[in-house]
Amino acid sequence: TQLVFATNNAHKLEEVQAMVGDNIHLLTLAEIGCTDDIPETGNTFEANASQKSAYLKNRYKYDCFADDSGLEVEALNNEPGVYSARYSGTRDMEKNIDLLLSRLDEHTNRKARFRTVISLRLKGKEYFFEGSIEGTIGFGRKGTGGFGYDPLFTPNGYTQTFAEMSAAEKNAISHRAIAVKKLADFLKRYQAG
Ligand code: ITT
């Protein structure tokens, strides 16, 4: 199967391709000649994932899926949430992480969760798959792997941040892994029946 993954985030692409294996060949936006800045104006992960997949489907007619994801921090009323990629007003993750740490400064409640929502568009229908993982936010960065807020996030039951884990370890337990497993199971059943 070939399926277009509507993302400009190379880290997401790498993670998801490793998760789905060779059965599904993920086509990138570059491979289908799309260099558009896909609009993302929703207030929820669902709305944004849906908006991204709809844009690609309408404009390029490909069956495709999109991932909208982010970090929800309990003490910050679930910020940065859908604003995770541009929390500080820029896509500079150093600044985004600094801002998050400073806003959490006076808080002892460090609980957070990562969430992913996937919108799949297949033969005129839309399907959603989601995943989340609970954990805590550290007081500084730890580790150099992964991307985004990974150096801050330690999943419950673990002692390492996502950025300290190997890619294989993160990809076995992450919010994205949970959502992608549901997507892959769906595609398997879909093709069988
Ligand atoms: P696309 O919309 O092109 O897919 P994006 O990076 O803009 O790429 P989002 O709008 O979904 O993606 O923003 C998600 C942000 O949330 C991302 O830039 C990271 O800062 C953060 N994030 C998402 N998943 C993450 C993960 O597994 N580890 C760390 N941070 C993550």
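Residues numbered from 1 in each chain as written. Predicted model: local features only at pLDDT ≥ 70, side-chain atom pairs only at ≥ 80, totals over all residues.

As named in an unreviewed UniProt entry, the protein chain is dITP/XTP pyrophosphatase, taken from Parapedobacter deserti. UniProt's Subunit (unreviewed entry) comment on the protein chain is quoted here verbatim: "Homodimer." On record in UniProt, under Sequence similarities (unreviewed entry), the comment for the protein chain is "Belongs to the HAM1 NTPase family." (UniProt positions renumbered as here; feature names shortened; annotations may be inferred.)

Asks: How would you sum up the pairing of strand 3 (residues 64-73)? Please name residues and give values.
Replies: Taken across its 10 residues, strand 3 has 10 buried, putting it largely inside the fold. Burial along strand 3 is two-sided: Cys64, Ala66, Asp68, Gly70 and Glu72 and Phe65, Asp67, Ser69, Leu71 and Val73, pointing in opposite directions, are all buried. In terms of strand pairing, strand 1 (residues 2-5) meets strand 3 through 2 bridges, oriented parallel. Bridge pairing links phenylalanine 5 to phenylalanine 65 in strand 3. By the bridge criterion, 10 bridges tie strand 3 to strand 5 (residues 111-122) in an arrangement that is antiparallel. Within strand 5, the residue paired with serine 69 across the bridge is threonine 116. Taken together, the 2 bridges between strand 3 and strand 4 (residues 79-80) define a ladder with antiparallel strand orientation. (Buried ≥ 20, exposed ≤ 12 C-beta atoms within 10 Å, placed from the backbone. Helix = DSSP H or I, 4+ residues; strand = E, 2+ residues; numbered from the N terminus. Pairing = 2+ DSSP bridges.)

Asks: So, the UniProt feature "active site" (unreviewed entry) in the protein chain: which residues are in play, and what are the values?
Replies: Mapped onto this numbering, the UniProt entry annotates "active site" (unreviewed entry) at Asp68. Examined against the element boundaries, aspartate 68 turns out to sit in strand 3. Using a count of 26 C-beta atoms within 10 Å as the deciding quantity, one classes aspartate 68 as buried. Excluding anything up to four places from it in sequence, aspartate 68 contacts Phe45, Asn48, Ala49, Lys52 and Val117. (Contact = placed C-beta atoms within 7 Å.)

Asks: An account of the site of the ligand is needed here, citing residue identities and associated values.
Replies: In the vicinity of the ligand, 21 residues are found, and the nearest of them are Thr7, Asn9, Ser84, Ala85 and Gly148. In terms of residue count, the dominant contributor to the shell around the ligand is strand 3 (5 residues). Partitioned by chemical class, the residues of the shell around the ligand number 6 nonpolar, 9 polar and 6 charged. (Near = placed C-beta within 6 Å. Nonpolar A, V, L, I, M, F, W, Y, C, P; charged D, E, K, R; others polar.)

Asks: How would you explain the packing of helix 1 (residues 10-20) against helix 5 (residues 175-192) if you had to name every residue and give the values?
Replies: Packing of helix 1 against helix 5 brings their axes to within 10 Å, and their N-to-C directions diverge by 50°. Put simply, helix 1 runs oblique to helix 5. The handedness of the crossing between helix 1 and helix 5 comes out as right-handed. Contacts between helix 1 and helix 5 involve Glu15, Val16, Met19 and Val20 from the first element and Arg176, Ala177, Val180 and Ala184 from the second. (Axes fitted to C-alpha atoms, helices over the stretch in contact; angles between N-to-C directions. Parallel < 35°, antiparallel > 145°, perpendicular 65-115°, else oblique. Left-handed = near helix turned anticlockwise from the far one by under 90°.)

Asks: Describe unusual backbone geometry, naming the residues involved and giving the relevant values.
Replies: Proline 80 follows glutamate 79 through a cis peptide bond whose omega is -5°. Even without a glycine there, the phi angle at lysine 61 is positive, about 65°. Under the C-beta neighbour-count criterion, lysine 61 is labelled exposed, with 9 such atoms within 10 Å. At asparagine 77, a position not held by glycine, the phi torsion is positive, near 50°. By secondary structure assignment, the location of asparagine 77 is in the loop between strand 3 and strand 4.

Asks: Lay out the nonpolar core in plain terms, naming residues and giving numbers.
Replies: Grouped together as the largest cluster of nonpolar side chains are 19 residues, with contacts concentrated most on Ala6, Cys64, Phe65, Ile118, Ala179 and Leu183. Broken down by secondary-structure element, the contributors of at least two residues to this core are strand 1, helix 2 (45-60), strand 3, strand 5 and helix 5. Once residues within four sequence positions are removed from consideration, isoleucine 118 is found in contact with Ala49, Phe65, Asp67, Phe128, Phe129, Ala179 and Leu183. Ranked by size, the runner-up nonpolar core spans 15 residues in total, among them Leu71, Ala112, Ile133 and Met165. (Core = buried A, V, L, I, M, F, W, Y, C linked by C-beta atoms within 7 Å.)

Asks: Go over the environment of aspartate 150 with me, naming the residues and quoting the values.
Replies: Here aspartate 150 shows up in the loop between strand 6 (125-137) and strand 7 (153-155). The buried category is assigned to aspartate 150, around which 24 C-beta atoms lie within 10 Å. Residues aspartate 150 and isoleucine 137, 13 residues apart in the sequence, show an inter-C-alpha distance of 9.6 Å. Filtering out sequence-adjacent residues up to four positions away, aspartate 150 remains in contact with Gly143, Gly145, Thr161, Phe162 and Ala163.

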